Amino acid sequence: LLTHLLFSSRFNWSELTPLGLWGRTLGLQTENSQFLLEGMPFRIFGGSMHYFRVPREYWEDRMLKMRACGLNTLTTYVPWNLHEKERGKFDFSKNLDLRAFLSLAAKNGLWVILRPGPYICSEWDLGGLPSWLLQDPEMQLRTTYKGFTEAVDAYFDRLMRIVVPLQASTILYKKGGPIIAVQVENEYGSYAKDPNYMTYVKMALVNRGIVELLMTSDNKNGLSFGLVEGALATVNFQKLEPGLLKYLDTVQKDQPKMVMEYWTGWFDNWGGPHYVFDADEMVNTVASILKTGASINLYMFHGGTNFGFMNGALEADEYKSDVTSYDYDAVLTEAGDYTSKFFKLRQLFSMVIGQPLPLPPMIESKASYGAILLHQYISLWDVLPALLQPIKSEFPVNMENLHLNDSIGQPYGYVLYETVIFGGGHLHTRDHVRDRAQVFVNTMYVGELDYNTVELSIPEGQGFRQLRLLVENRGRVNYGLALNEQRKGLIGDVFLNKTPLRNFKIYSLEMKPAFMKSLQHVSGWSTVPDYFVGPAFFRGRLWIEQQPQDTFLKLQAKLHHIFHVLPRFQGWEKGVVFVNGQNLGRYWKIGPQETLYLPGPWLRRGGNEIVIFEERTAGRIIQSVDIPYLGRTQYVD
């Protein structure tokens, strides 16, 4: 039945590859409701994969798996907040080497749809926008506000120097590059605060040399509000509602139909389930889309990982931050392994193409290195005087406006606010904590404050004492209308007995590589006692004899059955894991995610340094396992 349905839509693209078409000048065009590539009928069978979420050593493996699945196009976002961490200082090196990534796609026979933003959504902190934009109290993100467009212009000036020569029809690149289309912004119809903004972004691309086909991308509700003249409108969805693709005809006549984001799964939030999307339902919907003759991009083909502090968040009824894993229940797993979705899609695309597909690459085996003892610790309170110089301020200052990092503020991590109080009483935040604060009197833990808990009772005591608020930025919202309100830390006054607290010492705990390196050499590391309450750093060593392989670090293992220690040692509560200086991301006992992905290329033969920052209750042991556990599953409705 499937073969009968798709036979009329059969499309063999095996000769239409970046290296197979020399001296091209036309690129991708639209004509009579179909795509033409160099004048030949073409359909986009695409998959999303983000270079910044995948170790560089694995880029090619994932691309080969795309080809083996029957795809001909790779789609990627470009994260401004990684490429310009500090205003005016650009980084396109190592895992951010966009030129190398795009060139590798061409080498492996994949065309590219580039989605340079400047806003990308993508469950990524602030939708990819740099947090230093929020230093301006009047900032209007994603509009033609001068402070925003000046920053975008400077970024695009630099970015387009890489992108323009890699376009498919450019004469600047001798062989022709792989980029056949460029997306103008991202889902602007769901934001739509400035009717002039999309034209501004389009012209910012065109004026810098973008000549390929332009596209927009929106869900059905935002489609008509995200249009811009001269760009092909595309649609995003998971369930194919009746008439949804025909709805595209109402906003643009006689144009090819393209699903820019067909959602193969979904993302997870801390405290929720691990979402999965039924493989058969997914492949049947893809078949229905292909039957109409439409082009498609699978979002995600391979999700990867929100390494470090880069996860985004949602703010609908309440604030919910995204987990570290971006597995997404996609076609490949977080670690790049095959799923049933891969093989079902491969079968479907092979029928459409009517030609044998490349063989899928061999699976990389995973390692289980067993239990790892975290044998030493140092309290955060001992680290402060040794490594950190406080900023002194009469008033609380939000992270972005701290005078740090060449005045671009602190983008991520934690910040400690310290002041002196006399006596105790009623502490009230007036909802000025972003996003979660642990409260201490001297070093005694008092409680937590967040969006739901805005007051605490501070115990009475003798004399002057230090009141400390350790505030975590759990990730900025990446979607919706609240982007301008994403400043973190203390964003206003906190009150004790209705009096605003003043005269702060503010410590930045961004935990950048230089800090983590200095931490290794600071004096004060001690043997971990039988029971210890953080915040503190813990360290141990993973010894590997053979060639390192991918593994997963499990922090919630019930190891007391194995090691005959008290159950309280089974679990770490909340924090961050570093391996050889690489920030793997956050863990939290509320789940759903219980394992952190540790790529083999980040390990070495011999000793591997593991450092854990634990906010509260520490374990003694973590476990390296060969199977991930992303939590109890719930099917997407």
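As recorded by an unreviewed UniProt entry, the chain carries the name Beta-galactosidase and is attributed to Peucedramus taeniatus. Entered under Sequence similarities (unreviewed entry) in the UniProt record, the comment concerning the chain runs "Belongs to the glycosyl hydrolase 35 family." One UniProt comment on the chain, placed under Catalytic activity (unreviewed entry), says "Hydrolysis of terminal non-reducing beta-D-galactose residues in beta-D-galactosides."

Caption draft 1: Focus on the sheet that holds strand S2 (residues 34–37). An order of S1-S2-S3 is seen for the three strands of this open sheet, with the pairing classed as antiparallel. Each of the sheet's edge strands pairs with one partner strand only, and the pair in question is strand S1 (28–31) and strand S3 (40–42). If you compare each strand with its neighbour and ignore which way they point, the axes differ by 45° on average. In terms of strand pairing, S2 meets S3 through three bridges, oriented antiparallel. Looking at the pairing, Leu36 lines up with Pro41 of S3.

Caption draft 2: Structural view of the UniProt feature "active site" (unreviewed entry) in the chain. What UniProt calls "active site" (unreviewed entry) maps, in this numbering, to Glu187 and Glu261. Maximum C-alpha separation among the annotated residues is 10.6 Å over a sequence range of 75 residues, consistent with a single clustered spot. Among the secondary structure elements, Glu187 is positioned in the loop between strand S7 (179–183) and helix H6 (197–206). Apart from the residues lying within four places of it in its own chain, the contact partners of Glu187 are Cys121, Arg142, Ser217, Asp218, Asn236, Glu261 and Tyr479.

Caption draft 3: Highlighting the pairing of S7. Burial within S7 is extensive, with five of its five residues counted as buried. Strand direction decides the pairing type here: strand S6 (residues 111–115) and S7, joined by three bridges, are parallel. Pairing of Leu114 across the sheet is with Val182, part of S7. Both S7 and strand S8 (residues 213–219) contribute to a ladder of three bridges, which runs parallel. If you follow Ala181 over to S8, its bridge partner there is Leu213. Handedness of the crossover is the feature at issue here: the chain leaves S7, passes through H6, returns alongside S8, and the resulting connection is right-handed.

Caption draft 4: Layout of the packing of aromatic side chains. In this structure the tally under the stated criterion is 40 aromatic pairs. Relative to Phe156, the ring of Tyr155 has its centre 5.7 Å away and its plane inclined at 40°; by these criteria the two rings are tilted. Aromatic pair Phe538 and Trp572: ring centres 5.3 Å apart, planes at 85°, arrangement edge-to-face. Of this pair, Phe538 sits in strand S29 (residues 536–544) while Trp572 sits in the loop between helix H12 (560–563) and strand S31 (574–579), placing them 34 residues apart in sequence. Among the residues examined, Phe538 registers a relative accessible area of 0% and is labelled buried. Sitting over the ring of Tyr338, Lys65 keeps its end group 5.1 Å from the ring centre.

About the criteria used
Each chain carries its own residue numbering, running from 1 in the direction its sequence is written. It should be noted that, the model being predicted, local features are given only for residues of pLDDT at least 70 and side-chain atom pairs only at 80 or more, the latter also being counted only at that level, while totals for whole chains, interfaces and linings use all residues. The basis for the side-chain values is all heavy atoms of the structure; hydrogens and waters are excluded. UniProt positions are given in the numbering used here, feature names are shortened, and annotations may be inferred rather than shown by experiment. In this analysis, strands are considered paired if DSSP registers two or more bridges between them. Runs of E in the DSSP output that reach at least two residues are strands. Runs of H or I that reach at least four are helices, and both are numbered from the N terminus. Lines fitted to C-alpha atoms define the axes, with helix axes restricted to the stretch in contact, and inter-axis angles between N-to-C directions lie between 0 and 180 degrees. Throughout, a residue-residue contact means that at least one pair of heavy atoms, one from each residue, lies within 4.5 Å. Burial here depends on accessible area, computed with a 1.4 Å probe over protein chains only, as a share of the maximum for the residue type. Under 20% is buried, over 50% is exposed, and the range in between is partly exposed. When the strands point away from the viewer, a crossover counts as right-handed if the path from the first strand over the helix to the second runs clockwise. Two rings belonging to Phe, Tyr or Trp (six-membered ring only in the last case) form a pair when the distance between their centres is within 6.5 Å. Interplanar angles under 30 degrees mark stacking, angles over 60 mark edge-to-face geometry, and anything in between is tilted. We call a charge positioned over a ring when the NZ of a Lys or the CZ of an Arg lies within 6 Å of the ring centre and within 35 degrees of the ring normal.

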